[in-house]
Amino acid sequence: MSIQLHLHSSREAAIRTVAQEMAMLIRNKPHAVLGLATGATPIPLYQELVRLHRVEGLSFRQVTTFNLDEYLGLEPTHPESYWNFMHRNLFDHIDIPAANIHLPGSQVKTEDILSHCEAYEDAIRVAGGIDYQILGIGRTGHIGFNEPGSPADSITRRIHLDEITRQDAAPAFGDLAHVPTHAITMGCGTILAARKIALMAFGEGKAAIVRRALREPVTDEVSASFLQNHPDAHFHLDPASASAL
Ligand code: GLP
């Protein structure tokens, strides 16, 4: 098994490819279960899915979604919460019923976190498992918020965010002090259980970590490297993010 590499001529070409795969899945399997990601990387993908919905009638009425992660401690309506991000960038513009949308909670009490995470895992199972999982990659090599040290078989849980991750998020929050210290994330095991996985990475800033994830031995120091052991994992790169390979 190895990660299948797709070297696109541009980020737009990569986005079109992934959006077409998702559209084909949904047309063939209207009850498809999608694993969704946040960050700057998937924003143009969501724009393309909205366009396919508006222009080509792609319907999400029977689709179910599970997001990878959510910051802990934010109001869902906080501009940087992933709940807000997903509604702003995708859900508000397509026909998915609210009941089909799942994100980990942002305001779960400490004593309820374990049962909340177990319920999230159960909901994925009850939905039939994830058919197509979208991923970005953080500078620490994380997928979701699986920071270095996350085991390959980890499940949905509370995680302490790495300082690099918090620094990368600081501009969006205005100040490092405003960036949450913890999040709830699907585990590496949760992600690896998806039937197909598409990781997108664009720009020079991702080149070094993409090389580590793809070319170096599998290690829990780079959770994206676990994808090397997945039977249907794909990296969609632009020339800049592929420049260190
Ligand atoms: C956050 C998210 C990840 C995402 C990463 C990279 O840490 N939890 O899911 O992949 O940021 O974000 P960007 O796409 O903005 O580079």
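Above this text you will find the structure in question.
None of these values were measured; they are calculated from a predicted model.

**Here's the deal with helix H5 (residues 163–173)**
Every α-helix carries 3.6 residues per turn, so stepping three or four residues along brings you back to the same face. Among the residues of H5, Thr165, Arg166, Ala169, Ala170 and Phe173 are the ones counted as buried. Mapping the buried residues of H5 onto a view down its axis gives an arc of 150°, with all of them on the same face. Of the surrounding secondary structure, the elements contacted by the buried residues of H5 are strand S4 (69–71). Regarding H5, its N-cap is Asp162, as a side-chain oxygen of that residue lies 2.9 Å from the backbone nitrogen of Ile164 further along. Phi for Gly174, located one or two positions after H5, is positive at around 90°.

**Remarks on the packing of aromatic side chains**
Counted according to the given criterion, the structure contains five aromatic pairs. Taking 5.7 Å as the distance between ring centres and 85° as the angle between the ring planes, the aromatic pair formed by Phe66 and Tyr120 counts as edge-to-face. Highlighted residues: Phe66 in strand S3 (residues 64–67) and Tyr120 in helix H4 (residues 113–126), separated in sequence by 54 residues. Classification of Phe66 as buried rests on a relative accessible area of 0%. You can call Tyr120 buried: its relative accessible area is 5%. Taking 5.5 Å as the distance between ring centres and 50° as the angle between the ring planes, the aromatic pair formed by Tyr71 and Phe145 counts as tilted. Of the two residues, Tyr71 sits in strand S4 while Phe145 sits in the loop between strand S6 (132–135) and strand S7 (157–160), which places them 74 residues apart along the sequence.

**Digging into helix H1 (residues 11–28)**
In this model H1 runs 26 Å from its N-terminal to its C-terminal C-alpha over 18 residues, within 8% of the 26 Å that 1.5 Å per residue would give. Elements that come into contact with the buried residues of H1 comprise strand S2 (33–36), helix H2 (43–56), S6, strand S9 (196–201) and strand S10 (233–237).

**Some words on the site of the ligand**
In the vicinity of the ligand, the residues found are Thr38, Gly39, Ala40, Thr41, Asp69, Tyr82, Gly136, Ile137, His142, Gly144, Phe145 and Lys206. At 2.8 Å from an oxygen atom of the ligand is found a side-chain nitrogen or oxygen belonging to His142. Interatomic distance of 3.4 Å between a backbone N/O atom of Gly144 and a nitrogen atom of the ligand. Each residue belonging to the shell around the ligand can be placed in one class, and the counts come to four nonpolar, six polar and two charged.

**Some words on the environment of Cys117**
By the secondary structure assignment, Cys117 is in helix H4. Those residues in contact with Cys117, other than ones at most four positions away along the chain, are Thr156, Arg157, Arg158 and Ile184.

**Re the side chain of His236**
Here His236 shows up in strand S10. In this structure His236 comes out as buried when scored by relative accessible area, which is 0%. In contact with His236, other than residues within four places in its own chain, are His6, His8, Ala14, Thr17, Val18, Glu21, Ala198, Leu199, Met200, Ala201 and Phe202.

**Some thoughts on the pattern of salt bridges**
Scanning the entire structure with this criterion turns up twelve salt bridges. For Arg11, the salt bridge is made with Asp238, and the minimal N-O distance between the two is 4.0 Å. Pair noted here: Arg11 is in helix H1 and Asp238 is in the segment after S10, with a separation of 227 residues, a long-range link. Among the salt bridges present, the one from Glu48 reaches Arg51, with a minimum N-O distance of 3.0 Å. Here Glu48 and its partner Arg51 are both found in helix H2, three residues apart, which amounts to about one turn of the helix. One salt-bridge network, held together by shared partners, links Arg27, Glu48, Arg51 and Glu56.

**Observations regarding the sheet that holds S10**
Within a sheet, each strand pairs with its neighbour through backbone hydrogen bonds, oriented either parallel or antiparallel. The sheet built from seven strands is open, its strands ordered S1-S10-S9-S6-S2-S3-S5 with parallel pairing. Edge strands, defined here as strands with exactly one partner in the open sheet, are strand S1 (4–7) and strand S5 (101–102). Pairing of S2 with S3, which is carried by four bridges, proceeds in the parallel orientation. Following the sheet pairing, Gly35 is matched in S3 by Phe66.

Parameters and conventions
Residues numbered from 1 in each chain as written. Predicted model: local features only at pLDDT ≥ 70, side-chain atom pairs only at ≥ 80, totals over all residues. Heavy atoms only, no water. Buried < 20%, exposed > 50% of the residue type's maximum accessible area, 1.4 Å probe, protein only. Helix = DSSP H or I, 4+ residues; strand = E, 2+ residues; numbered from the N terminus. Arc of directions from axis to C-beta. Contact = heavy atoms within 4.5 Å. Polar contact = N/O pair within 3.5 Å; in protein donor to acceptor, adjacent residues only side chain to side chain. Phe/Tyr/Trp six-rings, centres within 6.5 Å; stacked < 30°, edge-to-face > 60°. Expected span 1.5 Å × (residues − 1). Near = heavy atom within 4 Å. Nonpolar A, V, L, I, M, F, W, Y, C, P; charged D, E, K, R; others polar. Salt bridge = Lys/Arg side-chain N within 4 Å of Asp/Glu carboxyl O. Pairing = 2+ DSSP bridges.

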